[in-house]
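# A structural walkthrough
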Amino acid sequence: MKLTRNGIIILFFCLFLLASCGQKRQEPVVAPWGEISDTIPEDNDFDLADIQLHGELIALTLTGPETYYDYRGRHLGTQYLLAQRFADKLGVSLRMEVCRDTAEMLSRLEEDAADVICYPLTKEGAGWRFGEAKKNLQKAFRDWYRPSMLAEAQQQQQRLLTAPTVQRRVYAPMLNQAGGVISHYDASFQHHASRIRWDWRLLAAQCYQESCFDPQARSWAGACGLMQIMPSTADHLGLPRSEIYNPEQNIAAAVRYIAELDQSFADVRDRSERIKFVLAAYNGGGFHIRDAMALARRYGRNPQRWHDVEPFVLGLQQPQYYNDPVVKNGYMRGSETVDYVRRIHDRWNSYRGIKTKHSVTQGPSGVPQKAKRERKKKYQIL
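So, here's what we can say about the structure. (Residues numbered from 1 in each chain as written. Predicted model: local features only at pLDDT ≥ 70, side-chain atom pairs only at ≥ 80, totals over all residues. Heavy atoms only, no water.)

## Overview of helix H6 (residues 148-162)
End to end, H6 covers 21 Å across 15 residues, agreeing with the expected 21 Å (1.5 Å per residue, within 8%). When we look at burial in H6, the residues that qualify are Met149, Ala153, Gln157, Leu160 and Leu161. The buried residues of H6 occupy an angular sector of 115° when projected down its axis, which confines them to one face. If you follow the buried residues of H6, they end up packed against strand S4 (69-71), strand S5 (74-76), helix H3 (78-90) and helix H5 (135-144). (Helix = DSSP H or I, 4+ residues; strand = E, 2+ residues; numbered from the N terminus. Expected span 1.5 Å × (residues − 1). Buried < 20%, exposed > 50% of the residue type's maximum accessible area, 1.4 Å probe, protein only. Arc of directions from axis to C-beta. Contact = heavy atoms within 4.5 Å.)

If you want it as structure tokens, here you go:
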């Protein structure tokens, strides 16, 4: 049988594939169109030098207040902070990936899908576990790590959470009560609130909660201006960073963001209810609020009613709930978000001359609880 040129090429390609399957490393194969070399390097161990060459350390962990979580657009957690320090020492970026349980972490590490488990699996050192082939990475960690570092990371997190959340001047919540003037920005609130069919006094109440009407306010996480917009969010909303402290532009961008959140919670048909979900998402992240809604549904509550979802926002602070299979985004500081929504509604009611009646929130387990009010003011008077 006479082979055509294409047939010869196919035959050589098949022989090459068979040779690849039969051995882990191989010599170059000469084919009619040139030389083919196996792309797998002779040393298949992806260790410290390779991590530094590629510029990324991949770490696995579980969600939780002492491990890793998202807080107002900033990553926190003792294990995360320690891992970030180690990555900085190596001169690489850190990619933290959350697993469901220790079994998943160990399986992924064994498959070489990550470099290290940043979770206390043992009582020695930080309790981390490295991939079996990561001998040099493990040595680098042992040379760098000191027992005091874990406590230092815990103290760093505590400082971040207890330090003034926002540096701002504190203006009166109402400029002229008799004249119905709330702030210097009332005209902007009125103009932009109409675009999302909000009462402008609700937008003003939210602004006071965010910045106390200080256009130069800045949070420790990097949120800026009257409505505390993160620079990355400003980029998404088309707000130039050079204009992020401009009161008019800041309010306009915040309203665009509120409109996006309103659309994302369009399944909450009742507008008065949807406002609460939007406020909660503005503060704590829409993905966490969706988790709380999924928990409410799982436990037979109405996921479109804030009164039914609120206990599960609080519940996302407890392992029983943030480790539930329906929860996709893990732990959150739910008490702050619940308090945020309530404070804004209280102030909005006061702007409208309505007396607020508070009810005790029932936790997910049926135990009455209230959102924790901060004992200390979380702002700094400049």
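On we go.
## So, the side chain of Asp308
Within the secondary structure, Asp308 sits in helix H13 (residues 306-315). A relative accessible area of 9% means that Asp308 is categorised as buried. Side chain to side chain, Asp308 and Arg301 meet in a polar contact 3.3 Å long. Separated by 3.0 Å, the side chain of Asp308 and the backbone nitrogen of Asn302 make a polar contact. Aside from chain neighbours lying at most four places away, what touches Asp308 is Ala296, Arg301 and Asn302. (Polar contact = N/O pair within 3.5 Å; in protein donor to acceptor, adjacent residues only side chain to side chain.)

## Considerations on the pattern of salt bridges
Applying the stated criterion to the full structure yields 20 salt bridges. The partner of Lys134 in a salt bridge is Asp112, and the shortest N-O contact between them spans 2.5 Å. One end of the pair, Lys134, is in the loop between strand S8 (129-130) and H5; the other, Asp112, is in the loop between helix H4 (102-110) and strand S7 (116-117), with 22 residues separating them in the sequence. Judged by relative accessible area, which is 1%, Lys134 ranks as buried. Salt-bridge contacts for Arg343 lead to Asp339; the nearest nitrogen and oxygen are separated by 2.7 Å. One end of the pair is Arg343 and the other is Asp339, both in helix H15 (residues 334-352) and 4 residues apart, which spans about a single turn. Judged by relative accessible area, which is 28%, Arg343 ranks as partly exposed. (Salt bridge = Lys/Arg side-chain N within 4 Å of Asp/Glu carboxyl O.)

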